[in-house]
Amino acid sequence: MAVRQEEEPDGRIAQVMALLHEGPKAERAAAKPFFTRYFQRMAADDVLAREAATLYGQALSLWHFAGHKPEGAARIRIYNPNIERDGWQSPHTAIEIVNDDMPFLVDSVGVALAGLNLEIHLLQHPLFSLRRNGQGKRVAAGGTERLESLMHIEIDAQSDPARLGEIAAVLGDTLADVRASVEDWGAMRDKLGETLAGLDAAPPPLGAGEVAEAMALLRWMADDNFTFLGYREYHYEAAPGEEPMQIAAGSGLGILRDPARRVMAGPAGGIGARAEVLRFLHRQELLIVTKANARATVHRAVPLDYIGVRRFDAAGKVLGERRFIGLFTSAAYNRNPRDIPLLRRKIRRIVERAGLAPHSHDGKALLNILETYPRDELFQIGEDELFAIANGILALQSRPRIRLFLRRDDFARFYSCLVFVPRERYDTHLRQRLAAILAAALGGRIDAYHTEIGDDPLARLHFIVALPPGLTPAADAAAIEAELVRAGRSWGDDLHEALVAARGEEQGQALLHRFANAFPPGYRERYQPTLALGDIDKMAALSADAPLGVDLYRPPVSPERALGLKLYQRGAPVLLSLCLPILEHMGLTVLEEHPFEIALAPGEPGIWLHDFHLSAKTPSPIDLAAVKATFESALALVWSGAMEDDGFNQLVLLSGLDAREVALLRAYCKYLRQTGIAFSQAYMEDTLAANPALARRLVELFHARFDPAADPDRAARQHDIEQAIAAALDQVASLDEDRILRSFLNLVQATLRTSFYQRDRAGLPLDRLSFKLASGEIAELPAPRPLVEIFVYAPGVEGIHLRGGRVARGGIRWSDRREDFRTEI
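Residues numbered from 1 in each chain as written. Predicted model: local features only at pLDDT ≥ 70, side-chain atom pairs only at ≥ 80, totals over all residues. Heavy atoms only, no water.

Q: Residues and numbers for the confidence of the model for the chain, please.
A: Looking at the chain, the pLDDT average stands at 91 and 94% of residues meet or exceed 70. Contacts of residues 1–5 to residues separated by more than four positions or lying in other chains number 1 contact, the stretch itself having pLDDT below 50. Across residues 812–817, confidence stays below pLDDT 50; counting only partners more than four residues off in sequence or on other chains, it has 20 contacts. (pLDDT = per-residue confidence, 0-100. Contact = heavy atoms within 4.5 Å.)

Q: Talk me through the sheet that holds strand β14 (residues 445–452); I want residue IDs and the actual numbers.
A: Read across the open sheet, the 4 strands follow the order β12-β13-β15-β14; overall the sheet is antiparallel. Here the strands that pair on one side only, and so sit at the sheet edges, are β12 (403–408) and β14. Direction aside, the axes of adjacent strands within the sheet are offset by 15° on average. Across 6 bridges, the pairing between β12 and strand β13 (residues 414–422) is antiparallel. Paired with R408 across the two strands is Y415, which belongs to β13. Along the sheet face, helix α16 (residues 428–442) touches β12, β13, β14 and β15 (458–466) and points at about 35° away from the line of β15. (Pairing = 2+ DSSP bridges. Helix = DSSP H or I, 4+ residues; strand = E, 2+ residues; numbered from the N terminus. Axes fitted to C-alpha atoms, helices over the stretch in contact; angles between N-to-C directions.)

Q: Report on the pairing of strand β6 (residues 226–235), specifying residues and quantitative values.
A: Buried residues dominate β6, accounting for 9 of its 10 residues. Here β6 pairs with strand β11 (residues 318–328) via 9 bridges, running antiparallel. Note that in β11 the partner of R232 across the bridge is R323. Bridge count for β6 against strand β8 (residues 253–254) is 2 bridges, and the pairing is antiparallel. Pairing of G230 across the sheet is with G254, part of β8. Bridge count for β6 against strand β7 (residues 246–247) is 2 bridges, and the pairing is antiparallel. By the bridge assignment, Y234 is partnered in β7 with I247. (Buried < 20%, exposed > 50% of the residue type's maximum accessible area, 1.4 Å probe, protein only.)

Q: Got a sec to walk through the packing of aromatic side chains? Specific residues and values, please.
A: Counted under the stated rule, the structure contains 33 aromatic pairs. Their ring planes at 80° and their centres at 6.4 Å tell us that Y79 and W88 sit as a pair that is edge-to-face. Here Y79 and W88 have matching classes, each one buried. Aromatic side chains F679 and Y683 sit 5.5 Å apart centroid to centroid with 85° between the ring planes, which places their arrangement in the edge-to-face category. An aromatic cluster is built from F34, F35, Y38, F39, Y56, W63 and F128, whose rings are joined through pairwise contacts. A cation over an aromatic ring shows up here: R77 above the ring of Y79, its NZ or CZ 3.6 Å from the ring centre. Taking the ring centre of Y553 as reference, the NZ or CZ of K566 above it sits at 5.5 Å. (Phe/Tyr/Trp six-rings, centres within 6.5 Å; stacked < 30°, edge-to-face > 60°. Lys NZ or Arg CZ within 6 Å of the ring centre and 35° of its normal.)

Q: Residue-level account of the layout of surface pockets, with values.
A: A volume near 670 Å³ is recorded for the second largest pocket. Mapped onto the lining of the second largest pocket, the elements with two or more residues apiece are α9 (208–222), β9 (287–295), α12 (343–354), α14 (375–380), α15 (383–396) and β12. With 4 residues, β9 is the largest single contributor of residues to the lining of the second largest pocket. Residues belonging to the lining of the second largest pocket are distributed by class as follows: 9 nonpolar, 4 polar and 15 charged. (1 Å grid on protein atoms, 1.4 Å probe; cavity = no way out; pocket = protein on both sides within 12 Å on 5 of 7 lines; lining within 4 Å. Points joined across faces, edges and corners; volume = space filled by probe spheres on them. Nonpolar A, V, L, I, M, F, W, Y, C, P; charged D, E, K, R; others polar.)

Q: So, the side chain of T227: which residues are in play, and what are the values?
A: Of note, T227 is situated in strand β6. Aside from chain neighbours lying at most four places away, what touches T227 is F104, I325, G326, L327 and T329.

Q: Explain helix α22 (residues 576–585) residue by residue, including any values.
A: Those residues of α22 that sit buried are C579, I582 and L583. End-on, the buried residues of α22 take up no more than an arc of 95°, which puts them together on one face. Check the buried side of α22 and you find it contacts β17 (562–570), β18 (588–598), β19 (607–616) and α23 (624–640). Backbone geometry just downstream of α22 places G587 in the positive-phi region, at approximately 85°. (Arc of directions from axis to C-beta.)

Q: Can you lay out the sheet that holds β19 for me, pointing to particular residues and giving the numbers?
A: As summarised here, the arrangement of the 4 strands in space is β16-β17-β19-β18, forming an open sheet in which the pairing is antiparallel. The open sheet has two free edges, formed respectively by β16 (548–553) and β18, since each of these has just one partner strand. Along the sheet, successive strands turn relative to each other by an average axial angle of 15°, direction set aside. Lying on the sheet, helix α21 (residues 529–540) is in contact with β16, β17, β18 and β19; it crosses β17 at an angle near 40°. On the sheet, α22 packs against β17, β18 and β19 and is oriented at approximately 140° with respect to β18.

Q: Describe the side chain of E321, naming the residues involved and giving the relevant values.
A: With respect to the helices, strands and loops of the structure, E321 is situated in strand β11. For E321, a relative accessible area of 0% gives the class buried. Among the polar contacts listed, one links the side chain of E321 to the side chain of Y306, at a separation of 2.8 Å. Not counting the four nearest positions on each side in its chain, E321 is found in contact with R232, E233, Y234, Y236, M245, I288, Y306, G308, V309, R310 and R311. (Polar contact = N/O pair within 3.5 Å; in protein donor to acceptor, adjacent residues only side chain to side chain.)

Structure, rendered in structure tokens:
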């Protein structure tokens, strides 16, 4: 029969009790009540996670260990259980503690282990009444019976004996602090009563309101709002060169029983005789409320709260202090500060000083700032500082931004740093950056931080920066804040600033409206906002009629032949299967590509930005300034189909030719193919690419002969270019390349007229080229040769009109050339 899940833990415990029943009868009778109590509140998950034999072994081991305990002290054992020695085993290190029952034991042990970076895997804490004789041995009858705390704890496995000794020492010190605090708790409360009685009988020569509020706070502490952990009295009458505070002999209670125990170490390892410290000690103020340097070992792992009550003589001279060390209870943090003595007075005086109407917007906002102010800070801060900071925070409500408010501890032990950050910008990464800046700027380390994020537009971060020993110069709060602002600026902030600076406020704001939230995180991580300006200009120019944008650039810190290319396409991503061959034909090798989808406002087509990292196939570095515009124009023409996609396009980068000049050489190649030349188009493309200077010279010769705006002395210019071409041809080693290049030169020289320079009605170059050629002068043309030919080329058509004589007779009559496309019109 299946066992229901909720019955399984009971079944496992029944197995453990059965194992106990099989043991010695005397032990069974004595241990059974303890076993019952041990498993009474053990979590079901912990029960089911262990075998019955393991549960039996750990409980029996603790029972045996509790057989003896010294009077007035705890007994601690730390070991790694194994079957042979202990009768049970565990993958964890086990801790057993036997102690008198008292408050804070479990909390304090947990704090101690956490401070050692140890994870607790199991903690059992049965309270059990035991009888012991005068030697602390457990007895069945007689002796003294008292409730004791028995703990079984399992932590991360530890094998180093030194580490085990360290754990035992820390736990021993912690339990000793707990015992001292508990044993002296009544005496410490009595000291608080004595302090109140003395103030009541002989009030110090201070303002009556201040004394009354201080006494109210002390009474409030006595009303279970303060956990007393230590007490000590001091005299402020040290000789020159000595510590300004001398301990009153025999005054220590709780964790301050030992005169050597220090919880208020100053900047140089002691309070030190610095002038600023002496001034603080002798202030004409009754109460000192601050934080101790030491963290509590009892109850909570937080800095100890320190409440000092100064003693005055009749003339108002400060004689010393009564110091109470402990922890404010949860009430001090959960209750409205206007219900807590001292705090209520501060708040009331700040509100009165601000002079705001209580029911006005600013009046309510100021009160909320004070009521939600970090509670520890509210206890420690002076009224002047609080007034300045609260009003600074109030000013943030209307214009949220990053602000820093600094307060240095009176003993120069730490800085309290309140940082406000617009809520939408806050994340863990920003917190870590801000913390690093504060620690470096203040010359300390982050001792604690707290973050508060609510419905307000600002997130509040509170950092405590502990300062090193020695004098610490005053901090430049404005400079630190400026650094925090720089660290907290969002990518969008920098983009906004860059747009306004580059385009003016009106145009910059308009562009920001379109593009502020358009860039994905990957883009923001890769590019600085200033680099995005060029992308925005390109994308803003896209339209349904011009859906593609191109930007050729030189990547920073890159090899000489490295280039970058950005393609911007409206509505859909660029297909790499189409793009890569185009770039290869233009003399580029694609090394990597980074695509980004730029999401514009709803209803507006998105834009795809593709950033290619390229390597040019050129033998020498590319002059980007010289070829950028012509390359971008040529690529756009190829993409739209207005320019053919073939190897001639690499001449844009190699020779610096524009798209139309490349089309000129392409047209001559197409004609040569019709003449029956033995070389393929690909071979001719490679030949011109291998001789880019000659390719450019051929185009220059064409311009010199036919450009209407050319130098009037055309003959001289043509002669110079032809001489340069002839000299360059003599350097060509390959006979095939020499023949191809001479054929191109021959065609340029045989050209009689051209439409190359004509424009359409819009003033744009024609979408086709035509050349009138003297057929008899063309070396590659086979017989029979007509008198002249007019060759027409465009990406979608090629054609020739033949004329056998000087009088045109209406079209092509014949052609004896093989595979000739010229047929009768």
